[in-house]
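Next come the chains, spelled out residue by residue.
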Amino acid sequence: QYTGMAAGAAAFPFNGFSLNTMPRLPLLQALAAAGNPYNRVLVLVQLTGGNDGLSTFIPLDQYSKLAQVRQNVLIPETQVLPLTGVSNSGFHPKMTHMRGLYNDGLLSIVQNVGYPNQDYSHFRSTDIWMSGSDANEYIETGWLGRYLQSEYPTYPNGFPSADMPDPLAVQIGSVISLALMSSAGPMGFAISDATAYYQFINDVVEPAPNTPYGDELSYIRLIAQQAQVYYNSIKDAAGQGQNLSDKYPAAGENFLADQLKIVAQLIDGGLKTPIYIVSLDGFDTHSEQVDTTFGNTEGVHAQLLFQLSEAVGAFQDDLQKLGLDERVAGMTFSEFGRTIAANASNGTDHGAAAPLFVFGKNVIPGVIGDNPNIPADVNLSDDLPMQYDFRSVYAS
């Protein structure tokens, strides 16, 4: 019943991930057409779970105070990675690739990003980031969904049109987010059934059970695949695009790198999509954030930061070798930061503000904002105050 509606904006498998195409919006159309004459692309990297900013970008001028309240997770001062021209802050030692980007003038660090009256729920805080609401506003629609509904009240009829062959946003590895919800429901539809890349390229329908149910399922899958209105444009881009960087790890070793490799391939293949969304999960580090056996520079959080750094570094190297780096910029974000103090489980709890990163050849490099000021007396639940509202970063 919903296959026809799914044609407007549906997910389909690509290299083991589910890609969700979002419908054409006048706002995004302006980016891709007259308002985007150089085919610029924005890649959003969501760090799901709440990243510990104080172990990501360490304020060295506050180190003695941090040592009093988070000694069991604190990165040793001598192992903090220094940055060119920055004397009072440095990166987690696993972030060598990101440090390289900064020193090469390809990275901007925005400190203390959040929103007023922090809500400490993962779900609620994510909703706030996706909807652009205030903390005391409960809005069940996303900012893109509201805009789309006002501009295109008859959606999905007539989308996409013949002169708009490519999707204007692609989300990898997730269902359509709140950002695309309207009061009438989702303005994009997702079919999240991730299969292998070669099944996608060769039009192979995933095998179904040899039962009456399986026969019907195979038929529905085939019809859904045929109904993908953006199927051919993305398939063509996948066939024509390539990756030139040798810095990507082997497939399956770095989930984020696998996603960004697909993004680079699609951009190189000629897809005009101006917005991509990728994600890395696991940042909800209430316990065992560090590995006490091997030291505070190892553990779950260290591995996540390594994956982030390695993936972004390889992606940027790929863009440069493909001749695409003039056109592409990226931004990381997480729903909140972590507490100043560590807990008794060698972890950190839900906090408020945290740094985010903007990367690319044409970003203005440097550090925006001040190092967080750690008070002399820190309670277990204390967190970092906001200096920049996330919506001002979106606007920038």
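Scroll up to find the structure.
For clarity, every value in this text was computed on a predicted model and none was experimentally measured.

Residue placement: Leu 271 occurs in the loop between α10 (255-268) and β11 (275-281). Judged by relative accessible area, which is 2%, Leu 271 ranks as buried. Here the alpha-carbon distance between Leu 271 and Gln 240, two residues 31 residues apart in the chain, equals 9.9 Å.

If you look at the biggest cluster of nonpolar residues, it comprises 48 residues, and the most contacted ones within it are Val 43, Phe 91, Leu 107, Tyr 276 and Phe 315. Those residues in contact with Leu 107 that lie beyond four places of it in its chain are Phe 91, Met 98, Leu 101, Tyr 102, Phe 357, Val 358, Phe 359, Val 363, Pro 365 and Gly 366. Core analysis: the next-biggest nonpolar cluster, separate from the first, contains 17 residues, Leu 44, Trp 129, Ile 275 and Leu 356 among them.

We now examine the packing of helix α9 (residues 231-240) against α10. It is at 7 Å that the axes of α9 and α10 come closest, and there the two elements cross at 95 degrees. If you check the angle between α9 and α10, you find them roughly perpendicular. Residue-level inspection shows Ile 234, Ala 237, Ala 238 and Gln 240 of α9 in contact with α10, the latter providing Gln 265, Leu 266 and Asp 268. Split into classes, the residues belonging to the contact of α9 with α10 amount to 4 nonpolar, 2 polar and 1 charged.

What follows concerns the pattern of salt bridges. Should their charged atoms come close, side chains of opposite charge can pair. With the rule as written, the count across this model stands at 8 salt bridges. Measuring nitrogen to oxygen at the nearest pair gives 3.1 Å for the salt bridge that ties Asp 284 to Arg 338. Here Asp 284, found in the loop between β11 and α11 (300-322), pairs with Arg 338, found in the loop between β12 (328-333) and β13 (354-360); they are 54 residues apart in sequence, far enough to count as distant. Overall, the relative accessible area of 2% leaves Arg 338 in the buried class.

Right, let's get into α10. An α-helical turn contains 3.6 residues, so a residue and the one three or four places further along point in the same direction. Here α10 spans 20 Å end to end across 14 residues, near enough to the 20 Å set by a 1.5 Å rise per residue. α10 sits mainly inside the fold: 11 of its 14 residues count as buried. Taken together, the buried positions of α10 are Leu 256, Ala 257, Asp 258, Gln 259, Leu 260, Ile 262, Val 263, Ala 264, Gln 265, Leu 266 and Ile 267. The distance from a side-chain oxygen at the start of α10 to the backbone nitrogen of Leu 256 is 3.1 Å, and the residue carrying that oxygen is Asn 254.

Moving on to the packing of aromatic side chains. In total, this model carries 7 aromatic pairs according to the counting rule given. Judged by centre distance (5.7 Å) and plane angle (65 degrees), the rings of Phe 91 and Phe 357 are edge-to-face. Placement of the pair is Phe 91 in strand β6 (residues 86-91) and Phe 357 in strand β13, with a sequence separation of 266 residues. Across the pair, exposure class does not vary: Phe 91 and Phe 357 are buried alike. On the basis of an interplanar angle of 25 degrees and a centroid distance of 4.4 Å, the ring pair of Trp 129 and Phe 390 is categorised as stacked. Of this pair, Trp 129 sits in helix α5 (residues 122-131) while Phe 390 sits in helix α12 (residues 390-395), and the two are 261 residues apart along the sequence. Its relative accessible area of 4% is what places Trp 129 among the buried residues.

Here we take up the sheet that holds strand β5 (residues 81-83). Taken together, 3 strands build an open sheet; the order of strands is β4-β6-β5 and the sheet is antiparallel. Here the strands that pair on one side only, and so sit at the sheet edges, are β4 (57-59) and β5. Sheet twist, expressed as the average angle between the axes of neighbouring strands with direction ignored, equals 45 degrees. Lying on the sheet, helix α4 (residues 96-103) is in contact with β5 and β6; it crosses β5 at an angle near 10 degrees.

As judged from the 3 bridges shared by β4 and β6, these two strands associate in the antiparallel manner. Bridge pairing links Phe 57 to Phe 91 in β6. Of the strand pairs in this sheet, β5 and β6 are connected by 3 bridges, and their pairing is antiparallel. Bridge pairing links Leu 81 to Phe 91 in β6. In this antiparallel pair of consecutive strands, β5 and β6, the connection spans 2 residues, and Gly 85 shows a positive phi of 80 degrees.

The rules behind the values
- Residues numbered from 1 in each chain as written.
- Predicted model: local features only at pLDDT ≥ 70, side-chain atom pairs only at ≥ 80, totals over all residues.
- Heavy atoms only, no water.
- Helix = DSSP H or I, 4+ residues; strand = E, 2+ residues; numbered from the N terminus.
- Buried < 20%, exposed > 50% of the residue type's maximum accessible area, 1.4 Å probe, protein only.
- Core = buried A, V, L, I, M, F, W, Y, C linked by side-chain atoms within 4.5 Å.
- Contact = heavy atoms within 4.5 Å.
- Axes fitted to C-alpha atoms, helices over the stretch in contact; angles between N-to-C directions.
- Parallel < 35°, antiparallel > 145°, perpendicular 65-115°, else oblique.
- Nonpolar A, V, L, I, M, F, W, Y, C, P; charged D, E, K, R; others polar.
- Salt bridge = Lys/Arg side-chain N within 4 Å of Asp/Glu carboxyl O.
- Expected span 1.5 Å × (residues − 1).
- Polar contact = N/O pair within 3.5 Å; in protein donor to acceptor, adjacent residues only side chain to side chain.
- Phe/Tyr/Trp six-rings, centres within 6.5 Å; stacked < 30°, edge-to-face > 60°.
- Pairing = 2+ DSSP bridges.

Shape is all these values report; function is a separate question.
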